[in-house]
Amino acid sequence: MENLSKYTVAGHTFAICLPEGMAPETYLKPYGSFVETSDAEPLFLLTLKKVSSLKDLNPGKVRECLNDEAPYFWMFEQEDGAYNFGFSYSKTCPDCIVKPEKDLKEAVVYIRENQAELAEFAVNNAMMLLYTFCTTPSDTLMVHASVIASEGKGYMFLGRSGTGKSTHSSLWLKYIEGTELLNDDNPVVRVMDGKAYVYGTPWSGKTPCYKNEVMPLKAVVRLSQAPYNKIEQYMPLRAYASLMPACSCMRWDRRSTDALHRTVERVIKVVKGWHLECLPDADAAYVCNSAVTK
């Protein structure tokens, strides 16, 4: 018997169906605090299936293999112009294949029968893909960032891979009293009633931080490495340009892209944007905290 489970992240409910013998408690541990027990209609459904060979799925012609580091994102184009997708730990070949319906309300993610250990990797990445596409029109952003909670407010740190988002969060945790980590890789931001809120998610990268919590978003800080510590507030246009690249989106889909732009605009109208040039030291945390918490 298949295992159907429902979860709610940032107010959006979705469903996951695992094969017989694969318990959600084992393969979907990060989702534990996001379980939905009501009769809420899921926004989309993802089904995990095991096959003997991914090559037999004929996903289409490889159009692109994206990302600078794992997970690598594969796009396959079919003859009718529709897309299938894949994710992998290396650029050699995909470790899973995602075949969605045209509207991405349903999709199947396939892994090899002898690689059950890839189930969480496959589900997580396929789920973020579907979640991003289906929630973007609802003033919702999935952001590649690290978020610190302090006095009931969220502070989001952006930056290119390797610039020290997690490191800067750890400095706040070590040196700023009363701080906690909300999420370390993929928080969700929603704009509702003219206010921006940041949510914990089941997707937190290499850091196991899966908190079903929400709080007002107080500041968005882009980090860059420097031999000194200096922070300045962005003007709106620069704040927009800073936040936009950090947001996940189906950028080949016009509807999704238009919705993304609208939501980013709404966020920067109500949340201050900052640029922190910094060292990985205690003073960086003090300088940043002093400015953004005023």
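Scroll up to find the structure this text is about.
In short, a report on the structure. (Residues numbered from 1 in each chain as written. Predicted model: local features only at pLDDT ≥ 70, side-chain atom pairs only at ≥ 80, totals over all residues. Heavy atoms only, no water.)

**Comments concerning the overall build of the protein**
And step 1. On a plain count of helices and strands, the protein comes out with 6 helices and 17 strands.
And step 2. Rg of the C-alpha trace for the protein: 19 Å, near the compact-globule value of 19 Å for 294 residues, within the 12% margin.
And step 3. Taken over the C-alpha atoms alone, the protein extends approximately 55 × 40 × 35 Å along its principal axes.
And step 4. Across the 294 residues in the protein, those meeting the buried criterion constitute 53%.
And step 5. Counting only contacts in the protein whose residues sit at least 6 apart along the sequence, the fraction spanning at least 24 positions is 61%.
And step 6. For the protein, the accessible surface area stands at approximately 14,200 Å², while carbon and sulfur atoms represent 49% of it.
And step 7. Within the protein, one finds 32 positive and 35 negative side-chain charges whose respective centroids are separated by 6 Å. (Helix = DSSP H or I, 4+ residues; strand = E, 2+ residues; numbered from the N terminus. Rg over C-alpha atoms; globule rule 2.2 N^0.38 Å. Buried < 20%, exposed > 50% of the residue type's maximum accessible area, 1.4 Å probe, protein only. Contact = heavy atoms within 4.5 Å. Areas by Shrake-Rupley, 256 points an atom, 1.4 Å probe, with all protein chains shown as cover. Lys, Arg positive; Asp, Glu negative; His and termini not counted. Charge placed at Lys NZ, Arg CZ, Asp CG, Glu CD.)

**Concerning the packing of aromatic side chains**
And step 1. By the definition in use, this model includes 15 aromatic pairs.
And step 2. Ring geometry for Tyr-83 against Phe-85: centres 6.4 Å apart, planes inclined by 20 degrees, an arrangement best described as stacked. Judged on exposure class, the residue Tyr-83 and its partner Phe-85 are both buried.
And step 3. Through successive ring pairs, a cluster of aromatic residues spans Tyr-7, Phe-14, Tyr-31, Phe-44, Tyr-131 and Trp-203. (Phe/Tyr/Trp six-rings, centres within 6.5 Å; stacked < 30°, edge-to-face > 60°.)

**Some remarks on the pattern of salt bridges**
Pairing is possible between side chains that carry opposite charge, provided their charged atoms lie close to one another.
And step 1. Applying the stated rule across the entire model yields 4 salt bridges.
And step 2. One salt bridge in this structure joins Arg-266 and Asp-139, with 2.5 Å as the shortest N-O distance. Highlighted residues: Arg-266 in helix H5 (residues 254–270) and Asp-139 in the loop between helix H2 (119–135) and strand E9 (140–142), separated in sequence by 127 residues.
And step 3. Classification of Arg-266 by relative accessible area gives partly exposed; the value is 36%. (Salt bridge = Lys/Arg side-chain N within 4 Å of Asp/Glu carboxyl O.)

**Some details on the sheet that holds strand E3 (residues 45–51)**
And step 1. With mixed pairing, 8 strands are arranged side by side in an open sheet as E1-E2-E3-E8-E7-E6-E5-E4. Unpaired on one side and paired on the other, strand E1 (3–9) and strand E4 (61–66) mark the two borders of the sheet. Looking at each pair of strands side by side, their axes are set apart by 25 degrees on average, direction ignored.
And step 2. Sheet topology places strand E6 (residues 83–88) next to strand E7 (residues 96–100); 3 bridges connect them, and they run antiparallel. Bridge pairing in E7 places Phe-85 opposite Val-98.
And step 3. In the packing of H2 onto the sheet, contacts are made with E1, strand E2 (12–18), E3, strand E5 (72–77), E6, E7 and strand E8 (106–112), and the angle to E2 comes to roughly 145 degrees. (Pairing = 2+ DSSP bridges. Axes fitted to C-alpha atoms, helices over the stretch in contact; angles between N-to-C directions.)

**Focus on the pairing of E5**
And step 1. With respect to burial, E5 is a largely interior element, 5 of its 6 residues being buried.
And step 2. Sheet topology note: the E4/E5 ladder contains 5 bridges and is antiparallel. Directly across from Leu-66, in E5, lies its bridge partner Phe-73.
And step 3. Connecting E4 to the next strand, E5, in antiparallel fashion are 5 residues, including Asn-67 with a positive phi near 90 degrees.
And step 4. Here E5 pairs with E6 via 6 bridges, running antiparallel. Of the residues in E6, the one forming a bridge with Trp-74 is Gly-86.
And step 5. Hairpin remark: E5 followed by E6, antiparallel, with 5 residues in the connecting loop; positive phi at Gly-81, about 90 degrees.

**Considering the side chain of Ser-169**
And step 1. You can see Ser-169 is positioned in helix H3 (residues 165–175).
And step 2. With near-sequence residues (within four places) excluded, Ser-169 lies in contact with Ser-146, Val-147, Ile-148, Phe-157 and Leu-181.

**Side note on the state of the cysteines**
And step 1. Following the criterion strictly, the structure yields 0 disulfides and no others.
And step 2. The thiol of Cys-93 is unpaired, and the distance to the nearest cysteine sulfur, on Cys-65, comes to 10 Å.
And step 3. Residue Cys-93 is classed as partly exposed on the basis of its relative accessible area, which comes to 33%.
And step 4. For the unlinked cysteine Cys-247, the closest cysteine sulfur is that of Cys-249, found at 8.6 Å.
And step 5. Overall, Cys-247 belongs to the buried group, its relative accessible area being 3%. (Disulfide = S-S within 2.5 Å.)

**Here we look at H2**
And step 1. For H2, with 17 residues, the first-to-last C-alpha span of 23 Å sits near the 24 Å given by 1.5 Å per residue.
And step 2. The element H2 is largely enclosed, with a buried count of 16 among its 17 residues. (Expected span 1.5 Å × (residues − 1).)

Nothing here speaks to function; it is geometry throughout.
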